[in-house]
Amino acid sequence: MERLKILLAGMIAGDPWQGGATWAVLQYLLGLRRLGHDVTLVEPVEPGSLSPPGSSLTESEGAAYFRRLPLLDDQQAALLLAGTQQTVGMTYAALLEFARDADLLLDISGMLSREQTLLEPIPVRAFLDLDPGFNQVWHETGEDVGLDAHNRFATVGQAIGTPTCPVPTCGVSWIPTLPPVVLEQWPAAGAPQRDAVTTVGHWRSYGPIEHGGLHYGQRAHSLRELISLPRRTGTRFELALGIHPDETGDLEALDAEGWELLDPVEVAGTPDRYRDFIAESKAELGVAKSGYVASRCGWFSDRSGCYLASGRPVVAQETGFSDFLPVGEGLLTFSSVEEATAAIDEVERGWERHSLAARALAAEHLDSDRVLARLIDRLGAG
């Protein structure tokens, strides 16, 4: 394979202390480097999003988080104050020099679309969609998500563009891709240290939207349909859940039904904590945003990929991904609370078998070497 110069744009520190979101970007950074490519990471951060409010980029909480990430090389990674040449890590001059010689921009969620000086010299500019359905509908309803700054389009919504999926294609051809897992970073774990099925995520990420007669809702809408699951199964469920304390009705309902809520920053706020939390778990309950479910877009979670690689069975809400990944051993699906109950019971009865199958599935289908080599080939960047 030809060695490429790749500029990767993604969110790591703009909203810090989210180990899972950091790993979603690191899988691409480390995976592409494993293939021998020369990869530089850039993350633009809007001035108004700096925390604490009024802080400079270098003094911000995001910069502190960025600096402490051991898997980043500050000679090939930059936190950039959007619209300026201020950086933490790699200098802007070095970043611009790299971009001028780059073969490929891999732009997660179009983060770099407004940084035209960096973006325009790169011949292959790929928008990488990790939030399928939402990005496309936002674009269709007039919100600028950055599609127009790119000339290639990839998505983890495996079904987008197929006859069964109602998500608008926005007049472009979407390349389907699975979430990569760098297997050497995610070894199969031993016996679980938590006697609990777990997950990590947000109750809400943003507001729901309506389009084409479909309601694109959040994880909150999906979890409410599963509220009785702990009582039905007798299994412990620990959710590292980002939920606002004002969601009093939902918090009371979750508590009453036996869900155990953990502080996501405490147990999964850094890449190491996130990886340890998954390895300690018995299995994952993968609850999808209801928009992924309603649109049958084929989304599959990068988080679930990490559980599988760690030898942790995944019971995942069906989004249409079973048309693209094998299910039944290691990875089980559900479309109702009754099906989720049966799948959890099956994992409890045959945990060792499902654990081995989980790792095998990740190795066969999600290995970053295979996933990213195929993506680079389909982007035509070589």
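To keep things clear, this report deals only with the structure shown in the data block.

The rules we used
The residue numbering used here restarts from 1 in each chain and proceeds along that chain's sequence as written. Totals for whole chains, interfaces and linings use every residue, but because this is a predicted model, local features are given only for residues with pLDDT of at least 70 and side-chain atom pairs only at 80 or more, for both listing and counting. Water and hydrogen atoms were dropped before computing side-chain values, which therefore reflect all heavy atoms in the structure. Strands are runs of DSSP state E lasting at least two residues, helices are runs of H or I lasting at least four, and both sets are numbered from the N terminus onward. By convention a nonpolar core is built from buried Ala, Val, Leu, Ile, Met, Phe, Trp, Tyr and Cys residues, the set being connected through side-chain atoms within 4.5 Å. A 1.4 Å probe rolled over the protein chains alone gives each residue an accessible area, and that area as a share of the maximum for its type sets the label: buried under 20%, exposed over 50%, partly exposed in between. Any pair of residues with heavy atoms lying within 4.5 Å of one another is described as a contacting pair. We treat Lys and Arg as the positive residues and Asp and Glu as the negative residues; His and chain ends play no part in the count. The working definition used for a salt bridge is a side-chain nitrogen of Lys or Arg within 4 Å of a carboxyl oxygen of Asp or Glu. The term polar contact refers here to a pair of N or O atoms within 3.5 Å; inside protein, the definition further demands a hydrogen-donor-capable atom paired with an acceptor-capable atom, and it admits residues adjacent in sequence only when both atoms are side-chain atoms.

1. Observations concerning the environment of Val39
Then step 1. Note on placement: Val39 falls in strand β2 (residues 38-45).
Then step 2. With 201 residues separating them in the primary sequence, Val39 and Ala240 have C-alpha atoms 32 Å apart.

2. Some points on unusual backbone geometry
Then step 1. The peptide bond linking Ser51 to Pro52 adopts the cis configuration, its omega dihedral lying at -5°.
Then step 2. Its location among the elements puts Pro52 in the loop between β2 and α2 (61-67).
Then step 3. With a phi angle near 65°, Trp17 is a residue other than glycine that sits in the positive phi range.
Then step 4. You can see Trp17 is positioned in the loop between β1 (5-9) and α1 (19-34).
Then step 5. Of note, the phi angle at Cys170 is positive, near 65°, even though the residue is not glycine.
Then step 6. Note on placement: Cys170 falls in the loop between β7 (152-155) and β8 (175-176).

3. A word on the nonpolar core
Then step 1. Among the nonpolar cores identified, the biggest contains 89 residues, and Leu8, Ile12, Leu72, Leu106, Leu308 and Leu331 are the most heavily contacted of them.
Then step 2. For this core, the element with the most residues is α1, which contributes seven residues.
Then step 3. Beyond its immediate stretch of four places on either side in the chain, Leu8 contacts Val25, Tyr28, Leu29, Val39, Thr40, Leu41, Val42, Leu106 and Ile108.
Then step 4. In this structure, Trp203, Trp259, Val315 and Val347 belong to the second largest nonpolar core, which totals 24 residues.

4. Details of the side chain of Glu115
Then step 1. Note that Glu115 resides in the loop between β5 (104-108) and α4 (116-119).
Then step 2. Within the buried set, Glu115 has no salt-bridge partner at all; the shortest N-O distance to an opposite charge, 8.2 Å, is to Arg114.
Then step 3. Within polar-contact distance, the side chain of Glu115 engages the backbone nitrogen of Gly83 at 2.9 Å.
Then step 4. Apart from residues no more than four positions distant in its own chain, Glu115 is found in contact with Pro44, Leu80, Ala82 and Gly83.

5. Side note on the pattern of salt bridges
Then step 1. Under the defined criterion, the tally for this structure stands at 19 salt bridges.
Then step 2. A salt bridge links Arg224 to Asp250, with the nearest nitrogen and oxygen atoms 2.8 Å apart. In this pair, Arg224 is assigned in helix α6 (residues 219-224) and Asp250 in helix α8 (residues 248-256), connecting sequence segments 26 residues apart.
Then step 3. Of the residues examined, Arg224 reaches a relative accessible area of 32% and is grouped as partly exposed.
Then step 4. On the basis of relative accessibility, which here comes to 15%, the residue Asp250 falls in the buried class.
Then step 5. Put simply, Arg194, Arg236, Glu238, Glu260 and Glu280 are held in one network by salt bridges that share partners.

6. Overview of helix α12 (residues 302-309)
Then step 1. α12 sits mainly inside the fold: seven of its eight residues count as buried.
Then step 2. The opening residue of α12, the one whose side-chain oxygen lies 2.9 Å from the backbone nitrogen of Arg303, is Ser301.
Then step 3. Where α12 ends, the next residue or the one after it, Gly311, has phi of about 80°, a positive value.

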